[in-house]
Amino acid sequence: MTESSLLRPITPGDHALVLDLNETNVELLAPLDEPRLVELVAAAETAAVISHEGRDVGFVITFADGAGIDGPNFEWFSARHPGFLYLDRIVLDASARRTGIGSRVYDELEARAAERGPVLCLEVNIEPPNDASLAFHRARGFVEVGQQEANGHVVSLMEKRVGPPGS
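Described below are features of the structure shown in this document. All values derive from a computational prediction rather than experimental measurement. Per chain, residues are indexed from 1 in the order of the written sequence. Only residues with pLDDT of at least 70 get local features here, since the model is predicted, and only at 80 or more are side-chain atom pairs given and counted; chain-wide, interface and lining totals rely on the full set of residues. Excluding hydrogens and water, the side-chain figures rest on all heavy atoms present in the structure.

Let us look at the nonpolar core. Core analysis: the largest hydrophobic core is formed by 25 residues, its most contacted members being Ile 10, Phe 59, Ile 61, Phe 63, Phe 77, Phe 84 and Tyr 86. Counting only elements with at least two residues in this core, the list comes to helix 1 (15-24), helix 2 (34-43), strand 2 (46-52), strand 3 (55-64), helix 3 (72-78), strand 4 (84-92), strand 5 (119-127) and strand 7 (153-161). Counting residues in each nonpolar core, the second largest holds 22 residues, with Leu 109, Val 124, Met 158 and Val 162 among its members. The set of buried Ala, Val, Leu, Ile, Met, Phe, Trp, Tyr and Cys residues whose side-chain atoms join them within 4.5 Å is what this entry labels a nonpolar core. Per-residue accessibility, obtained with a 1.4 Å probe over protein chains only, is compared with the maximum for each type, and a residue is labelled buried under 20%, exposed over 50%, and partly exposed between these values. In this text, helices come from DSSP runs of H or I with a minimum length of four residues, and strands from runs of E with a minimum of two, each type numbered from the N-terminal end.

Another point: the pairing of strand 5. Within strand 5, 7 of the 9 residues are buried, which leaves it mostly tucked inside the rest of the structure. A pair of strands is considered paired only if DSSP assigns at least 2 bridges between the two. Relative to strand 5, strand 4 runs parallel, the two being bridged by 3 bridges. Directly across from Leu 85, in strand 5, lies its bridge partner Leu 120. Note on the crossover from strand 4 through helix 4 (residues 101-116) to strand 5: the handedness is right-handed. With 8 bridges connecting them, strand 5 and strand 7 associate as antiparallel partners. Considered in strand 7, the bridge of Leu 122 is made with Met 158. By the criterion used throughout, a crossover qualifies as right-handed when its path from the first strand across the helix to the second strand runs clockwise, the strands pointing away from the viewer.

Here the focus is the side chain of Asp 14. Position of Asp 14 among the secondary structure elements: in the loop between strand 1 (7-9) and helix 1. Among the residues examined, Asp 14 registers a relative accessible area of 7% and is labelled buried. Not counting residues up to four positions away in its chain, the partners in contact with Asp 14 are Arg 8, Pro 9, Val 49 and Asp 56. Working rule for contacts: check all heavy atoms of both residues, and any pair within 4.5 Å makes them a contact.

Written out as C-alpha cells, the structure is:
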C-alpha cells in the first residue's frame, strides 16, 4: 500500500503507541508484545499508523498470502485461497471511531486486496462478542465463511471478494 496522509509506516518510535492501543483492546485481539510486533511488521504487506488531523489515532496490519506467519486464522484462509490479503488487526482510538476514518482505511485495504486479489479476509470475535465490528463488516459486504476457536476466542471467519468475478 502506498503511503497516504491517512496511513504511514509503523516505525520503532511508534511501537509504544501500537502496543498501548493493542493492550487497550486486547480482549478483542491477540496479545502483542514488542518482539512479536517487530516480527509482524517485518512480514506485513501493510504495517501502518492511522493518522487523522495531525494525530495518530490507530494502526493496521495486513499480510499477503504466502507471508509465512503463524496463526490459525491466517492458515485457515491460506488453505482456501491462492491469492488474498489478510487483515490481521486494525485498532482505532475510541476518539476516532464513528468518524469515517475506519471506512477510509478499508477503502484503501480493499483496493490493495483487489490488486493482489481477489479476496480480503479477516476474523471478528463472536465469543467474546464484538457486535460493532460484526455490524461494520457485514455493512461493507463481508460474509462469514466459517468459524473457529483460536487463542481463547471463537471467531467468525469473514471475507469479501474485491477482485473481478472468477479471479
